[in-house]
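Chain and residue survey
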Amino acid sequence: MIPYGRQDINQQDIDAVVEVLQSDWLTQGPLVERFEEALCQHADTGYAVTCNSATSALHIACLSLGLGPGDFLWTSPNTFVASANCALFCGAQVDFVDVDPHCYNMSAAALEEKLELAQRNGCLPKIVVPVHFAGHSCDMERIHALSRQYGFSIIEDASHAVGGFYQDRPVGNCCYSDITVYSFHPVKIITSGEGGAALTNNRDLADKMRMLRSHGVTRDQNLFGDMERADWCYEQQTLGFNYRLSDIQCALGMSQLARLNEFVEKRRELAGVYQEQLAVMPLKTPTELEGVRSSWHLYTVQIDENKTALSRRGVFDTLRQSGIGVNVHYIPVHTQPYYRDMGFRKGMYPEAERYYKNAISLPLFPTMTAVQQYEVVEALQRVLS
Ligand SMILES: *Cc1c(COP(=O)(O)O)cnc(C)c1O
């Protein structure tokens, strides 16, 4: 089976991890800070707080921005459930903004409309989480302008978009957001096994997230309120978690970060081949909008109902049977049983549902060979003709 995604681990990555295993520190050693510095350098951002997953990073990002009971967080329905769940972890409520039919990201126009209505009803969101679906940045300039007008904070969920660019700046730069979250899960662009990070230019938010990541505890004696200043002392100032990334993982993450450009170049090359080869098939292929340079975490097509009577289900099953590890991203979050129990219904976000109905993610990963890609294209040709 040709998988839809796969990590690329080379000898340099392995050596980096082995070196940590032979060192004094397996966790909370020097590599955490070094990885965080490297992330800041990559994104040209002030602060990076690594976490054991993007899900944890989203959680503490929400908490640091003060999200709590009575508040609303809005995100895209076309995402992994974690982008929405982070609000529920904080006791806040979730709502969704439908996607743009051209890039399947949160639509800035739909957001504007929903904000106008929410203002009249007195239920504006505290946080909006735009998700850079498939590695293609959202229209951050417009979303940022709306945040100024309506007074909400922005967390970019850039789990797919590490290595992507928006207006010639790396995604993660935070010039249009308060915090950007990266994921280092193995199917994403770079990996630390499990892992994530929250990037920000705001020192206060970074300090809060650092404390929340580690039990709400600080060892910085300058920050102590009551404790006596002694070497054994630490002070718990808030309720936090153990969301730390280990030195073992940071070593892998740092080694992978050094290869990020190579990975994205390869993904862009493969996506380019798909664009050419699939153009003649009854498929809608993705587009890269002006000002965006996608990292192509996913290459998703839609069965074009106007050009073929074949169903997504039929095409998907046949491809899987032919050894092509296709997948589907995403089942709209609001249609999940857990969210339906909160009152969400099918039909509420028609663009996300329309997209989902015909979507298929094709295999795309940096070690994919020309022969493998040819196999995918040929299998598609057979199924669709
Ligand atoms: C993968 C993913 C996450 C969660 O990442 P983890 O590191 O696995 O917690 C969150 N949001 C999106 C959009 C993702 O794709």
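A few points on the structure. Remember, predicted model here, so these are calculated numbers, not experimental data. (Residues numbered from 1 in each chain as written. Predicted model: local features only at pLDDT ≥ 70, side-chain atom pairs only at ≥ 80, totals over all residues. Heavy atoms only, no water.)

Describing the site of the ligand
Short version of the rule: Consider each residue's heavy atoms; a residue with any of them within 4 Å of a molecule or strand counts as near. Residues adjacent in sequence count toward polar contacts only when both atoms are side-chain atoms; beyond that, a polar contact is any pair of N or O atoms within 3.5 Å, and within protein one must be able to donate a hydrogen and the other to accept it. For every accessible area listed, the method is Shrake-Rupley and the probe measures 1.4 Å; residues are considered covered only by the protein chains on display. Cavities and pockets are found on a 1 Å grid laid over the protein atoms alone: a cavity is a set of points where a 1.4 Å probe fits but cannot escape, a pocket is an open set with protein on both sides within 12 Å along at least five of seven lines, and a lining residue has an atom within 4 Å of such a point. Assignment to a cavity or pocket requires that more than half of a molecule's atoms be within 2 Å of the site's grid points. Runs of E in the DSSP output that reach at least two residues are strands. Runs of H or I that reach at least four are helices, and both are numbered from the N terminus.
In the vicinity of the ligand there are 16 residues, among which Thr55, Asp157, His160, Ser183 and Lys188 approach most closely. Contact distances for the ligand include 2.9 Å between an oxygen atom and a backbone N or O atom of Ala54. Contact with the protein chains hides 93% of the accessible area of the ligand, taken as 380 Å² for the molecule alone. Here the ligand is seated within the second largest pocket. For the shell around the ligand, the elements supplying multiple residues, two or more each, are α3 (54-64) and α4 (82-89).

What about the sheet that holds strand β13 (residues 292-293)?
Where we set the bar: Strand pairing requires that DSSP identify at least two bridges connecting the strands.
Strand order in this open sheet of three strands is β7-β6-β13, and the pairing throughout is antiparallel. Both edges of this open sheet fall to β7 (169-170) and β13, since each of them pairs with a single strand only. Sheet topology places strand β6 (residues 165-166) next to β7; two bridges connect them, and they run antiparallel. When the sheet's bridge partners are listed, Tyr166 is paired in β7 with Arg169.

Describing helix α7 (residues 203-213)
Selection rule: Whether a residue is buried, partly exposed or exposed follows from its accessible area with a 1.4 Å probe, protein chains only, as a fraction of its type maximum: under 20%, in between, or over 50%, in that order. Note on contacts: a residue pair is in contact if any heavy atoms of the two residues lie within 4.5 Å.
Of the positions making up α7, those classed as buried are Leu205, Ala206, Met209, Met211, Leu212 and Arg213. On the buried face of α7, the contacting elements are α2 (30-43), β1 (47-51), α3, β8 (179-183), β9 (196-200) and β10 (217-218). The N-cap of α7, judged by a side-chain oxygen 2.9 Å from the amide nitrogen of Asp204 a few residues on, is Asn202. His215 lies just past α7 and shows a positive phi near 65 degrees.

Here's the deal with the side chain of Thr50
Along the polypeptide, Thr50 turns up in strand β1. In contact with Thr50, not counting residues within four places along its chain, are Val32, Phe35, Glu36, Leu39, Gly196, Ala197, Arg213, Tyr243 and Leu245.

Observations concerning unusual backbone geometry
Generally, phi is negative for residues other than glycine and the peptide bonds are trans, each holding for most cases. The linkage connecting His329 with the following residue, Tyr330, adopts the cis geometry, with an omega of -5 degrees. With respect to the secondary-structure elements, Tyr330 resides in the loop between α10 (312-321) and α11 (337-340). A positive phi is found at Asp44, a non-glycine position, where the angle reads about 55 degrees. Mapped onto the secondary structure, Asp44 falls in the loop between α2 and β1.

A look at the packing of aromatic side chains
Two measures describe an aromatic ring pair: the distance that separates the ring centres and the angle between the ring planes. Just so we agree on the cut-off: To pair, rings of Phe, Tyr and Trp, with the six-membered ring standing in for Trp, must have centres within 6.5 Å; the planes then decide the type, stacked if under 30 degrees apart, edge-to-face if over 60, and tilted in the middle. Placement of a charge over a ring requires the Lys NZ or Arg CZ to be within 6 Å of the ring centre, with the centre-to-atom vector within 35 degrees of the ring normal.
Inspection of the entire model under this criterion finds 15 aromatic pairs. Plain terms: the ring middles of Tyr166 and Tyr176 are 6.0 Å apart, the flat faces sit at 75 degrees to each other, and that makes the pair edge-to-face. Taken together, the residues span a long stretch of sequence, with Tyr166 in strand β6 and Tyr176 in the loop between β7 and β8 at a distance of 10 residues. The exposure classification of Tyr166 matches that of Tyr176, with both residues buried. Aromatic rings pair up to connect Phe96, Tyr338, Tyr339, Phe344 and Tyr349 into one cluster. Sitting over the face of the ring of Trp74, Lys114 holds its NZ or CZ atom 5.3 Å from the ring centroid. Of note, Arg312 hangs over the ring of Tyr356, and the distance from its end group to the ring centre comes to 4.8 Å.

Structural notes on the nonpolar core
The criterion, for reference: Grouping buried Ala, Val, Leu, Ile, Met, Phe, Trp, Tyr and Cys residues that are joined through side-chain atoms within 4.5 Å yields what is termed a nonpolar core.
Of all hydrophobic cores here, the largest spans 37 residues; its most connected members are Ile155 and Ile179. Of all the secondary-structure elements, those providing two or more residues to this core are β1, α3, α4, β3 (93-96), β4 (127-129), β8 and α7. Considering every element that reaches this core, the biggest residue donor is α3, with six residues. When neighbours within four sequence positions are excluded, Ile179 is seen to be in contact with Ala61, Ser64, Leu65, Ile154, Ile155, Glu156, Cys174, Ala198, Leu199, Thr200, Leu205 and Met209. Val301, Leu319, Val326 and Phe365 belong to the second-largest nonpolar core, a separate cluster that totals 28 residues.

Concerning the pairing of β9
The side chains of a regular strand alternate, residue by residue, between the two faces of the sheet. Taking burial as the measure, the five residues of β9 include five buried ones, the bulk of the element. On β9, burial covers both faces: Gly196, Ala198 and Thr200 on one face and Ala197 and Leu199 on the other are all buried. Looking at chain direction, β1 and β9 are connected through five bridges and run antiparallel. Opposite Ala48, over in β9, you have Leu199 as the bridge partner.

Quick word on the pattern of salt bridges
Put simply, the rule is: For salt bridges, the criterion is a side-chain nitrogen of Lys or Arg within 4 Å of an Asp or Glu carboxyl oxygen.
Using the criterion set out here, one finds 16 salt bridges in the structure. Glu265 is the salt-bridge partner of Arg293, the closest N and O atoms lying 2.6 Å from each other. A residue pair is termed long-range when its members are at least 10 positions apart, and Arg293 in strand β13 and Glu265 in helix α9 (residues 260-278) qualify at 28 residues. Note that Lys307 is salt-bridged to Asp304, the shortest N-O span being 3.7 Å. Residue classification places Asp304 among the buried residues on the basis of a relative accessible area of 8%. Here the salt bridges share partners, and the residues they tie into one network are Asp8, Asp13, Arg259 and Glu262.

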